[in-house]
Amino acid sequence: MTRRRLLSNNKWNAVQFRWALATVMILLPGIVMVPEQALARQTADQTDLVVALSCGFDADGDGICDTEEDANADLDGDPSTNPGPDTDGDLIPNYLDPDDDGDAMPTASENADPNADGDPRDAVDSNHDGVADYLSAPTLPAGGQVTWLQKISDTAGGFAGTLGFDDQFGMSATAIGDIDGDGVTDIAVGAINDDDGGTDRGAIYILFLNPDGTVKAEQKISDTAGGFSSPLQNTDLFGKAIASIGDLDGDGVNDLAVGAYYADDGGTDRGAVYILFLNTDGTVKAEQEISSTAGG
């Protein structure tokens with residue numbers, strides 16, 4: 001390391017020292033020097049001072065500045081003198097507290113002392129930004145967290161469709177992109193025991209959503225609705241499975257694949273899949289059946 005001599009003798013007055021300390025540090029014998037930090041070495045006959053290159057003290061000599069790892073505001077490397085913030089006031093400092101905000105939902109930013117050695121200088125810094133996780137902005141619990149929910153049913157969420165007994169609306173559901181171009185993702189939902197055209201033939205609903213998750217409008221697709229022209233049979237269970245398949249025909253509107261679990265093409269309950277090419281209003285522009293007797 002190239003060092004710059006700032007003083008030629010060991011005598012400092014208080015003003016000089018305070019000024020220099022803002023830029024450099026005193027490195028006592030036995031303390032490891034870290035190249036990227038402000039360093040100084042005290043020898044028998046002189047004190048060499050090095051211009052500060054980075055962040056300051058490295059009390060434990062691990063190559064990480066104390067300002068990047070020490071929970072103590074005083075940066076003395078001793079958690080007992082100033083144990084750091086205690087957000088929930090339970091007398092357990094945040095770096096030792098698995099739930100430091102007292103919300104009963106531990107997060108990745110809490111319990112910064114996983115080895116329970118009482119030393120916050122080895123606190124977890126997951127993103128290596130120089131700020132221990134317990135001091136970083138709160139994060140979601142490891143398992144995720146629901147911040148908002150909206151139920152959609154026969155009586156909730158703005159759904160205006162008419163559901164019958166045992167329709168099993170919601171048996172399948174998938175996000176299908178922004179079909180109507182309003183900037184909000186829409187969804188398709190199956191009602192496999194819908195009775196349009198006959199018993200349990202099935203149906204799907206294209207639900208155009210508001211930003212709060214309520215239904216702005218819907219379009220039913222079934223044996224008798226939505227422009228679907230392929231004949232369904234009783235108990236086909238159209239809508240048992242739904243998948244968004246992107247814009248298959250290149251018209252700017254995402255298309256769907258819909259399963260009819262018990263379709264009888266070629267034999268009893270062999271099943272079928274329908275590729276539905278959609279219009280922006282959710283109706284079917286065209287469809288292609290794929291089964292043991294159709295679709296190639």
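Fair warning: this is a prediction, and the values are worked out from it, not measured in the lab.

### Describing the sheet that holds strand 5 (residues 203–209)
For step 1, the next point in the chain: If you walk across this open sheet you meet the four strands as 3-4-5-6, and the pairing is antiparallel. Strand pairing shows two members of the sheet lacking a second neighbour, strand 3 (169–177) and strand 6 (215–222), which therefore form its edges. When strand polarity is set aside, the average angle formed by the axes of neighbouring strands in this sheet is 25 degrees.

### Focus on the confidence of the model for the protein chain
For step 1, the next point in the chain: Here the protein chain shows a mean pLDDT of 74. Residues at 70 or above account for 54%.
For step 2, the next point in the chain: Under a pLDDT of 50 for its full length, residues 66–73 has, in the predicted model, 39 contacts with residues more than four places off or in other chains.

### Some remarks on the pattern of salt bridges
For step 1, the next point in the chain: Applying the stated criterion to the full structure yields seven salt bridges.
For step 2, the next point in the chain: Residue Asp180 pairs with Lys216 through a salt bridge whose shortest N-O separation is 3.0 Å. Linking Asp180 in the loop between strand 3 and strand 4 (186–191) with Lys216 in strand 6, this pair joins segments that are 36 residues apart in sequence.
For step 3, the next point in the chain: Under the relative-accessibility criterion, Asp180 is labelled partly exposed at 26%.
For step 4, the next point in the chain: Residue Lys216 is classed as partly exposed on the basis of its relative accessible area, which comes to 41%.
For step 5, the next point in the chain: Note that Asp223 is salt-bridged to Arg201, the shortest N-O span being 2.6 Å. In this pair, Asp223 sits in the loop between strand 6 and strand 7 (238–244) while Arg201 sits in the loop between strand 4 and strand 5, placing the two residues 22 residues apart along the sequence. For the residue pair Asp223 and Arg201, the accessibility class agrees, reading buried in each case.

### Thoughts on the sheet that holds strand 8 (residues 256–260)
For step 1, the next point in the chain: Pairing within the open sheet is antiparallel, and its four strands lie in the order 7-8-9-10. Because the sheet does not close on itself, it has two edges, and the strands there are strand 7 and strand 10 (284–290). When strand polarity is set aside, the average angle formed by the axes of neighbouring strands in this sheet is 25 degrees.
For step 2, the next point in the chain: Examined bridge by bridge, strand 8 and strand 9 (residues 272–278) share five bridges and lie antiparallel to one another. Of the residues in strand 9, the one forming a bridge with Gly259 is Val273.

### What about the pairing of strand 8?
For step 1, the next point in the chain: Counting buried positions along strand 8 yields five of five residues, so the element is predominantly enclosed.
For step 2, the next point in the chain: The two faces of strand 8 match: Leu256, Val258 and Ala260 on one face and Ala257 and Gly259 on the other face are all buried.
For step 3, the next point in the chain: As paired elements, strand 7 and strand 8 share four bridges and run antiparallel to each other. What sits directly across from Ser244, in strand 8, is Leu256.

### What to know about the environment of Ile192
For step 1, the next point in the chain: Among the secondary structure elements, Ile192 is positioned in the loop between strand 4 and strand 5.
For step 2, the next point in the chain: In this structure, the C-alpha to C-alpha distance between Ile192 and Met171, residues 21 residues apart in sequence, is 6.9 Å.
For step 3, the next point in the chain: In this structure, Ile192 is in contact with Asp167, Gln168, Met171, Asp200, Arg201, Gly202, Ala203, Leu237, Phe238, Gly239 and Lys240, ignoring residues within four places of it in sequence.

Thresholds applied
- Residues numbered from 1 in each chain as written.
- Predicted model: local features only at pLDDT ≥ 70, side-chain atom pairs only at ≥ 80, totals over all residues.
- Heavy atoms only, no water.
- Pairing = 2+ DSSP bridges.
- Helix = DSSP H or I, 4+ residues; strand = E, 2+ residues; numbered from the N terminus.
- Axes fitted to C-alpha atoms, helices over the stretch in contact; angles between N-to-C directions.
- pLDDT = per-residue confidence, 0-100.
- Contact = heavy atoms within 4.5 Å.
- Salt bridge = Lys/Arg side-chain N within 4 Å of Asp/Glu carboxyl O.
- Buried < 20%, exposed > 50% of the residue type's maximum accessible area, 1.4 Å probe, protein only.

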